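Summary of the model geometry
In case you want the letters, here they are:
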Amino acid sequence: PLTTPRRPSTFRPPSPERRSVPNFEMNITVERQSDCEALLRVEIPAEAVNGERTRIVQSFSSQARIPGYRPGKVPRSVIEKRFEEEIARELESRLVQKAYQEAIEKEDLRVLNAKGPEDTIHHPDGALSFSSQLTLSPQFDLPEYKGLTLEIPEHGVGEEEVDRELQNLRNRFADFTDITDRALQDGDFGIIDYNAQLDGKPLEEAVGQSVGYLASGQDYWLKMEEESLLPGFSAALEGTAVGEERDFNLTVPEDFAVEELRGVELAYTAIVKGVKEQVLPELDDELAGQIIPGKTLEELREVIETQLLQQLSQRVEEFKVNQLLEKLNQGVEFELPNELVTAETQGQADEMVERGVGAGMSEEEIEAQQGEIFAAASQRARMNLRTDFILQRVAEAEEITVGKEDLMRRIAARAQQAKKPVKAFARELQQSGRLSNLQHSMLLSKTIDFLLEHANVQT
């Protein structure tokens, strides 16, 4: 599914303070190096630098408290000597800020990031020049975004789906009995130890990396059905008695995670340590009461149907959104800033690894799949960033915004979930930089809702 990238919305270099910076002439050139990169060059004449310096000195003079002088009566020479470094930093900050602002307005730039001034030169006559590398938002024309046709397959919850869910619940409440008077057969659970070899060596030694469950297992509960562990594994053990060992060969499927093993034949040795038969409970009111106290079987079916309908409705909405965003992306091509792609790819890869660890993957398994993880992360990152830029432009075109009241309601809801006071939670979001990301995410959601309202949905 498409997800909102962790990139902020269009960046504007912020002023150190909320103040009016006087206008003055400066020579500004912007050299576009690509659709998303540009070099800003600025030359500020001496009179503009001196004028701004005078204003800064006057500001310092009006606020300075120096023994021996009345407030506001400190000579300029004393102020300049006492606060030399502070005045220089403030002067450069104001001039650079003004240059960014003027460049953005003059060249109609959408600046995502502006690196600090480079090649700064204070000329003998008092003039100042510097350059700065800019990362720009991609340039593109919006595709047609209203009236997109979304084709939704027919959907509904029938008796078969409810029966299937009831069967899953029966499996969860099943008992297991030990079987000692017969061998393994279809439908049983076999408790087994097994290991695999390749070219006469233990599998992981032969391939030089971890391959997880494919290599070996101890006290492994094998459900005797075709797709358990590997295709053909259960069939190879059918008829094996407790304590019996069996050797057999199996071919690794072509879709296995470790590319080097796809289509490779492995030699397995397995010993059956136990056979268990699953005993399912009767599907009646007694079982329904165990699952949801006080419910009959008929009432349980109604609850299951309601839940399945809710899940189906959510999947349909996700399907609509993904189809909508896919069509938007198909309607336009543009370059992406390399820095954003790199950062977003790393973020996506980190999330994928985190989910893998949560699902029980070992470090060796993750390392073995590193190439596949980064390839998938890169693809997802580019799609997310493209989608983000397109939705931002649609929001601008349609003047879609997130009001303060909407934002505060969302913060209050999040604070309630976190069981924290609203003001403290809002301050925490602000300090961590997550507040702007939350507002940006809300803007994209509102824009998607707008597009869905104006879409042509067909079933």
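About the cut-offs
Numbering of residues begins from 1 in every chain and follows the order in which that chain's sequence is written. Totals for whole chains, interfaces and linings use all residues, but because this is a predicted model, local features are given only for residues with pLDDT of at least 70 and pairs of side-chain atoms are given and counted only at 80 or more. To get the side-chain values, all heavy atoms of the structure are used, and hydrogens and water are removed first. Two rings from Phe, Tyr or Trp (for Trp, the six-membered ring) form a pair when their centres sit within 6.5 Å of each other. Planes less than 30 degrees apart are called stacked, planes more than 60 degrees apart edge-to-face, and all others tilted. Helix numbering and strand numbering both begin at the N terminus, where a helix is a DSSP run of H or I of at least 4 residues and a strand a DSSP run of E of at least 2. When a residue's accessible area, from a 1.4 Å probe over protein chains only, is under 20% of the maximum for its type it is buried; when over 50% it is exposed; and in between it is partly exposed. Definition of nonpolar core: a set of buried residues of the types Ala, Val, Leu, Ile, Met, Phe, Trp, Tyr and Cys, connected through side-chain atoms within 4.5 Å. Any two residues whose heavy atoms approach within 4.5 Å are treated as being in contact. For two strands to be treated as a pair, DSSP must find at least two bridges joining them. By definition, a salt bridge exists where a carboxyl oxygen of Asp or Glu is found within 4 Å of a side-chain nitrogen of Lys or Arg. pLDDT is a residue-level measure of predictor confidence that goes from 0 to 100. A patch consists of residues exposed above 30% relative accessible area that lack any salt bridge, with like charges linked at up to 9 Å and nonpolar side chains (Val, Leu, Ile, Met, Phe, Trp, Tyr) linked at up to 5 Å. Working definition of accessibility: Shrake-Rupley area with a 1.4 Å probe, residue cover restricted to the visible protein chains. Charge counting follows a simple rule: Lys and Arg are positive, Asp and Glu are negative, and His as well as the terminal groups are ignored. For the purpose of locating charges, the reference atoms are NZ of Lys, CZ of Arg, CG of Asp and CD of Glu.

For the coordinates displayed, the defined rule picks out 12 aromatic pairs. A centroid spacing of 5.4 Å and a plane angle of 90 degrees characterise the contact between phenylalanine 176 and tryptophan 221, whose relative ring orientation is edge-to-face. Of this pair, phenylalanine 176 sits in strand S7 (residues 175-178) while tryptophan 221 sits in strand S10 (residues 216-223), placing them 45 residues apart in sequence. Assessed through its relative accessible area of 34%, phenylalanine 176 is described here as partly exposed. Judged by its relative accessible area of 43%, tryptophan 221 falls in the partly exposed class. Measuring from ring centre to ring centre gives 5.7 Å for tyrosine 194 and tyrosine 220, while their planes differ by 85 degrees; the resulting arrangement is edge-to-face.

Right, let's talk about unusual backbone geometry for a bit. Phi at aspartate 119 takes a positive value of approximately 50 degrees, unusual for a residue other than glycine. For aspartate 119, the position within the fold is in strand S4 (residues 118-122). Positive phi values are uncommon outside glycine, yet glutamate 399 reaches one of about 55 degrees. With respect to the helices and strands, glutamate 399 occurs in the loop between helix H11 (370-397) and helix H12 (404-418).

Before going further, it helps to examine the nonpolar core. Grouped together as the largest cluster of nonpolar side chains are 37 residues, with contacts concentrated most on Leu328, Ile411 and Leu451. Only helix H8 (297-330), helix H9 (338-358), H11, H12, helix H13 (422-432) and helix H14 (434-453) provide two or more residues apiece to this core. The greatest single-element share of this core, amounting to 9 residues, is contributed by H14. When sequence neighbours within four positions are dropped, the list of residues in contact with leucine 451 reads Tyr145, Leu324, Leu328, Leu391 and Val394. In this structure, Ala48, Val49, Ala103 and Leu134 belong to the second largest nonpolar core, which totals 31 residues.

Here the focus is the pairing of strand S12 (residues 265-279). Taken together, the 4 bridges between S7 and S12 define a ladder with antiparallel strand orientation. The residue bridging aspartate 175 from the neighbouring strand is valine 279, located in S12. Here strand S11 (residues 245-251) runs beside S12; their pairing, made up of 7 bridges, is antiparallel. Bridged to threonine 251 within S12 is glutamate 265.

Once that is clear, we can look at the pattern of salt bridges. Enumeration over the complete set of coordinates arrives at 23 salt bridges. Between glutamate 90 and arginine 94 there is a salt bridge; the shortest N-O distance is 2.9 Å. Of this pair, glutamate 90 and arginine 94 are both found in helix H3 (residues 84-107), 4 residues apart, which corresponds to roughly one turn of the helix. Arginine 94 sits in the buried class, given a relative accessible area of 14%. The shortest N-O distance in the salt bridge between arginine 182 and aspartate 188 comes to 2.6 Å. Each of the salt bridges in this network shares a partner with another, and the network as a whole consists of Glu52, Arg55, Glu90 and Arg94.

Attention now moves to the confidence of the model for the protein chain. Here the protein chain averages 88 in pLDDT, and 95% of its residues register 70 or above. Counting contacts from residues 1-22, a segment whose pLDDT is below 50, to residues more than four positions away or on other chains yields 56 contacts.

Positionally, threonine 135 belongs in strand S5 (residues 128-136). Accessibility expressed as a relative area gives 5% for threonine 135, which makes it buried. Beyond its immediate stretch of four places on either side in the chain, threonine 135 contacts Cys36, Glu37, Arg110, Val111, Leu112, Asn113, Pro337 and Glu339.

Quick look at the environment of leucine 312 now. Structurally, leucine 312 is set in helix H8. Classification of leucine 312 as buried rests on a relative accessible area of 13%. For the pair leucine 312 and isoleucine 400, spaced 88 residues apart in sequence, the C-alpha separation works out to 29 Å. Setting aside residues up to four positions removed in sequence, leucine 312 forms contacts with His155, Gly156 and Val157.

The grouping of Asp285, Glu298, Glu299, Glu302 and Glu305 at the surface amounts to a negative patch. Of the residues forming the negative patch, the biggest block, 4 residues, is contributed by H8. You can see glutamate 298 is positioned in helix H8. Among the residues examined, glutamate 298 registers a relative accessible area of 49% and is labelled partly exposed.

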